[in-house]
Amino acid sequence: MSEGLRRSIATVCLSGTLDDKLTAAAAAGFEGIELFENDLVVAPWSAKEIRTRCADLGLSIDLYQPFRDFEAVPPERLRANLARAEQKFAVMADLGADTILVCSSVSGEAVDDDDLAAEQLAALAERAAAHGMRIAYEALAWGRHVSTWDHSWRIVERAGHPALGLCLDSFHVLSREVDPAGIAAITPGKVFFVQLADAPYLRMDVLQWSRHHRLFPGQGSFDLAGFVRLALAAGYDGPLSLEVFNDVFRQSDPARTAVDAMRSLIALEHRLAPVGRRLPGAPSLARHAFTEFGVDGHSGPQLREALRGLGFAHTGQHRTKPVELWEQQNCKIVLNSAVTRPQAAGTATISAFAIASEDPQRSLHRAEALLAPAHPNVRGPGETELAAIIAPDGTSVFVTRPDDGWRADFLPTGEATEPGAGLIGTDHLGLAQPFDNFDEAGLFYHSVLDLDHLADEEYAAPFGLMRSRNVANADRSVRLALTVALLRRGEWAPAVADPQHVAFTTADIVATAEAMTALGATMLPVPDNYYADLAARFALPESTVATLSRHGILYDRDTRGGELLHLYTPVFGGRVFFEIVERRGGYDRFGEANAPVRMAAQRHRRLTDQ
Ligand SMILES: O=C(O)c1ccc(O)c(O)c1
Ligand SMILES: [Mg+2]
């Protein structure tokens, strides 16, 4: 099994016609599919033509699904069900598929009788066997009488038919409270099929949860690696098949979803070592090396002025491109007037960011193994090779050496970086994600850069509910805050609801605020109401609140007493802003509680500016 298990995907995961789905699955490198009945019914091809099309694309049809409401029914219903099954076996023969999925019944006609269920499933298996086919019985978490994997296994065991086995679906298993550990003790050979889906923990009706909120492995909260290990311990060696019902994926570009899906499987297999295929190990990351803003004649001057106010100096000019380097200690900002990515006139965008890696080459190999698209490296003679990958939202992610050799591409301007304003380095980047790519982005950064998923937060902001997902490396020298609106954004929400930012670290935020005021910085005014509430929430001394208020510093405290003091600039270039943070006592979050205050203040400021 050293080269791994087969990789399959259910057609229900992907948007479009059957043709769209098959093309996307094959292009992403899948070896097999689960063919959903609906996709067959609407296809213009006969079952035989589908088989040929799949074979041409190198795809096997690993499962035909689903067959519903079969077992534990009165005799006349059984006769009708068996006749229905015979038709399906004929279709399967044409498809060249040998395994059919039978979901546990949800029908009101079914009775709570394991003996009857076992007997009828054995009768079905007997007929399947006559066609050289087999039945995989799956307990739906909302099945009428059979809703847990252990119950479905008792019935399959009781039936004792060689052509009857189990389909284990991680969603149905892990969404229920039944301990999955016993899966390892299932008789070898009796797990016929394994379906994989992750999901966020939600307290809601399990059918709704399953049909709308499934995610690819690594995008939710389930322990998929643990689940697969149990199936492997039971001797399973069939495909690992993704079966993800998700409202966003159902309407997204299938080619892209299929790559996201494949990335999730590759990352999962890596965690199954020594069974799965291995990825190049993730080198440790040293820090945020630089952040690049794409600017134009309107947004460029705004950002230059903002950086001056924060104590930055324009230290370097690129040898061949209209690109400026701005620095203050380990904070490095690049302003690029020649970004190739389209952006609206007058705006600024984070077009790229760079992370210093102890082994950039290995970081890139890992990214490639995880199907991250590469950024073509355009460099002039004598310039440093800067390799980049493209994140799901189109941002280039450069992986650089810790020695900052890339700085040699900039000719010094002679401007001094002293005295600055006490900014030490980059704490994190805040990257608002396109609605459709949020889960994809989380998995991308988690798997490609090996950033841990720290926390998800939801908060009510002026322009809608927001979700943030925090990812960081082990020593927290690289942090990203990914944000998205909980619902697809409406037309009315202004740009401040969808911004990007760079947060810099200071060891003394009050001193930094004073230095920035002296430099003429424009910081964001924070309303008095906020401070009145803050004093009440945290029982802070009046003098502390007065100091915070004087500088527009926001405050948060975690349950262990760690504190965050942070302040913001207004939005520049339509979309970007800066944050200054001082972390105390191991505070490990991003002050999400204050995001709505910031958004309202930024909106207010833009209105009064106009
Ligand atoms: O939601 C369903 O109906 C459904 C169908 C087939 C499956 O394998 C499944 O897990 C759920
Ligand atoms: Mg399933």
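Going by the annotation in an unreviewed UniProt entry, the name recorded for the protein is 3-dehydroshikimate dehydratase, with Paractinoplanes rishiriensis given as the source organism. Under the Sequence similarities (unreviewed entry) heading, UniProt states for the protein: "Belongs to the bacterial two-domain DSD family." Here is the UniProt Cofactor (unreviewed entry) comment for the protein, exactly as written: "a divalent metal cation".

A. Expanded view of the overall build of the protein. The number of helices and strands found in the protein is 17 helices and 25 strands. Expected size for 610 residues packed as a compact globule is a radius of gyration near 25 Å; at 28 Å, the protein falls within 12% of this value. Dimensions of the protein, computed from the C-alpha atoms along their principal axes, are close to 85 × 60 × 45 Å. Long-range pairs, those at least 24 residues apart, make up 75% of the contacts in the protein between residues at least 6 apart in sequence.

B. Expanded view of unusual backbone geometry. Omega for the peptide link from Gln65 to Pro66 comes to -10°, which places this bond in the cis form. Its place among the elements puts Pro66 in strand β3 (residues 60–67). Looking along the chain, the bond that leaves Glu418 and enters Pro419 is cis, with omega of 0°. You can see Pro419 is positioned in the loop between β17 (410–412) and β18 (423–432). Even without glycine at this site, Asp404 takes up a positive phi of about 55°. Relative to the assigned elements, Asp404 resides in the loop between β16 (396–400) and β17. By relative accessible area, Asp404 is classed as buried at 10%. With a phi close to 60°, Asp450 is a non-glycine residue in the positive phi region. Within the secondary structure, Asp450 is located in the loop between α13 (438–448) and β19 (452–461). Classification of Asp450 by relative accessible area gives partly exposed; the value is 37%.

C. Molecular detail of the coordination of the magnesium ion (ligand 2). The coordination sphere of the magnesium ion (ligand 2) contains the protein donors Glu138 (OE), Asp169 (OD), Gln195 (OE1) and Glu243 (OE), at a distance range of 2.1 to 2.2 Å. Classification of the site at the magnesium ion (ligand 2) as octahedral follows from its 6 donor atoms and the range of 77 to 179° in their angles at the metal. Sequence spacing among the residues donating to the magnesium ion (ligand 2) works out to E-x30-D-x25-Q-x47-E. Pair noted here: Asp169 is in strand β6 (residues 164–169) and Glu243 is in the loop between β8 (240–242) and α10 (254–271), with a separation of 74 residues, a long-range link. Exposure remark for Glu243: the relative accessible area of 2% places this residue in the buried category.

D. Seen up close, the sheet that holds strand β1 (residues 7–10). The strand order around the closed barrel formed by 8 strands is β1-β2-β3-β4-β5-β6-β7-β8, and the pairing between neighbours is parallel. Across the sheet, the mean angle from the axis of one strand to that of its neighbour is 30°, orientation sign disregarded. As paired strands, strand β4 (residues 99–103) and strand β5 (residues 134–138) are joined by 5 bridges and run parallel to one another. Residue pairing for β5: Cys103 is matched across the bridge by Glu138. Across the sheet, α10 is in contact with β1, β7 (191–196) and β8; its angle to β1 comes to roughly 140°.

E. Region of the structure containing the side chain of Thr395. Within the secondary structure layout, Thr395 lies in the loop between β15 (387–390) and β16. There is a polar contact of 2.8 Å between the side chain of Thr395 and the side chain of Asp393.

F. Molecular detail of the site of ligand 1. Around ligand 1, a shell composed of 14 residues is seen, among which Arg68, Glu138, His172, Arg211 and Glu243 lie nearest. One of the side-chain N or O atoms of Arg68 is found 2.8 Å from an oxygen atom in ligand 1. Here an oxygen atom of ligand 1 sits 2.6 Å away from a polar atom, N or O, in the side chain of Glu138. Expressed as a share of its isolated accessible area of 290 Å², the protein-covered part of ligand 1 is 99%. Within the shell around ligand 1, the residues separate by chemical class into 5 nonpolar, 3 polar and 6 charged.

G. Seen up close, the domain arrangement of the protein. By domain assignment, the protein separates into domain 1 (7–270) and domain 2 (285–609). Relative to domain 2, the C-alpha centre of domain 1 lies at a distance of 43 Å. Counting residues at the interface gives 17 residues for domain 1, matched by 17 residues for domain 2. Interface of domain 1 and domain 2: buried area, both sides summed, is about 1,400 Å²; carbon and sulfur atoms make up 55% of it. Broken down residue by residue, the surface that domain 1 buries against domain 2 is led by Gln219, Arg256 and Arg263, which jointly contribute 44%. Between Glu440 and Arg256 there is a salt bridge, and its shortest N-O distance comes to 3.2 Å. A per-class count over the side of domain 1 that touches domain 2 returns 8 nonpolar, 6 polar and 3 charged.

The rules behind each value
- In this numbering scheme, every chain counts its residues from 1 along its sequence in written order.
- Chain letters start at A and ligand numbers start at 1, both assigned in the order the entries are written.
- Given that the model is predicted, a residue must reach a pLDDT of at least 70 before its local features are reported, and side-chain atom pairs must reach 80 or more before they are shown or counted; all residues, however, enter totals for whole chains, interfaces and linings.
- The side-chain figures draw on all heavy atoms in the structure; neither hydrogens nor water molecules are used.
- UniProt positions are given in the numbering used here, feature names are shortened, and annotations may be inferred rather than shown by experiment.
- Segments assigned H or I by DSSP are reported as helices when at least four residues long, segments assigned E as strands when at least two residues long, and all are numbered from the N terminus.
- We take the radius of gyration over the C-alpha atoms and set the globule estimate at 2.2 Å times the residue count to the 0.38 power.
- In this analysis, two residues are considered to be in contact whenever any of their non-hydrogen atoms come within 4.5 Å of each other.
- For every residue, the accessible area obtained with a 1.4 Å probe (protein chains only) is divided by the maximum for its type, and the residue is called buried under 20%, exposed over 50%, and partly exposed between those limits.
- With water omitted from the atoms examined, metal sites may look incomplete; donors here are N, O and S atoms no farther than 2.8 Å from the metal, or 3.2 Å in the case of Na, K and Ca.
- All geometry calls rest on donor angles, where a four-donor set with angles between 85 and 135 degrees is tetrahedral, four- and six-donor sets with opposite donors more than 155 degrees apart and all others between 65 and 115 are square planar and octahedral, and all else is irregular.
- When DSSP locates at least two bridges between a pair of strands, those strands are taken to pair.
- Under this scheme, a helix contributes an axis fitted over its contacting stretch, all axes are lines through C-alpha atoms, and angles between N-to-C directions fall in the 0 to 180 degree range.
- Think of a polar contact as two N or O atoms within 3.5 Å of one another; within protein, one of them needs to be a possible hydrogen donor and the other a possible acceptor, and neighboring residues in sequence only count if both atoms come from side chains.
- When at least one non-hydrogen atom of a residue lies within 4 Å of a molecule or strand, that residue is treated as near it.
- Methods summary: accessible areas were calculated by the Shrake-Rupley approach with a probe of 1.4 Å, and residue burial reflects only the protein chains presented.
- Amino acid classes used here: Ala, Val, Leu, Ile, Met, Phe, Trp, Tyr, Cys and Pro are nonpolar; Asp, Glu, Lys and Arg are charged; the rest, including Gly, are polar.
- How far each domain reaches was decided by an automatic or database domain assignment.
- Summed over both partners, buried area is the accessible surface (1.4 Å probe) that two parts give up on being assembled.
- What makes a salt bridge here is a side-chain nitrogen of Lys or Arg within 4 Å of a carboxyl oxygen of Asp or Glu, nothing more.

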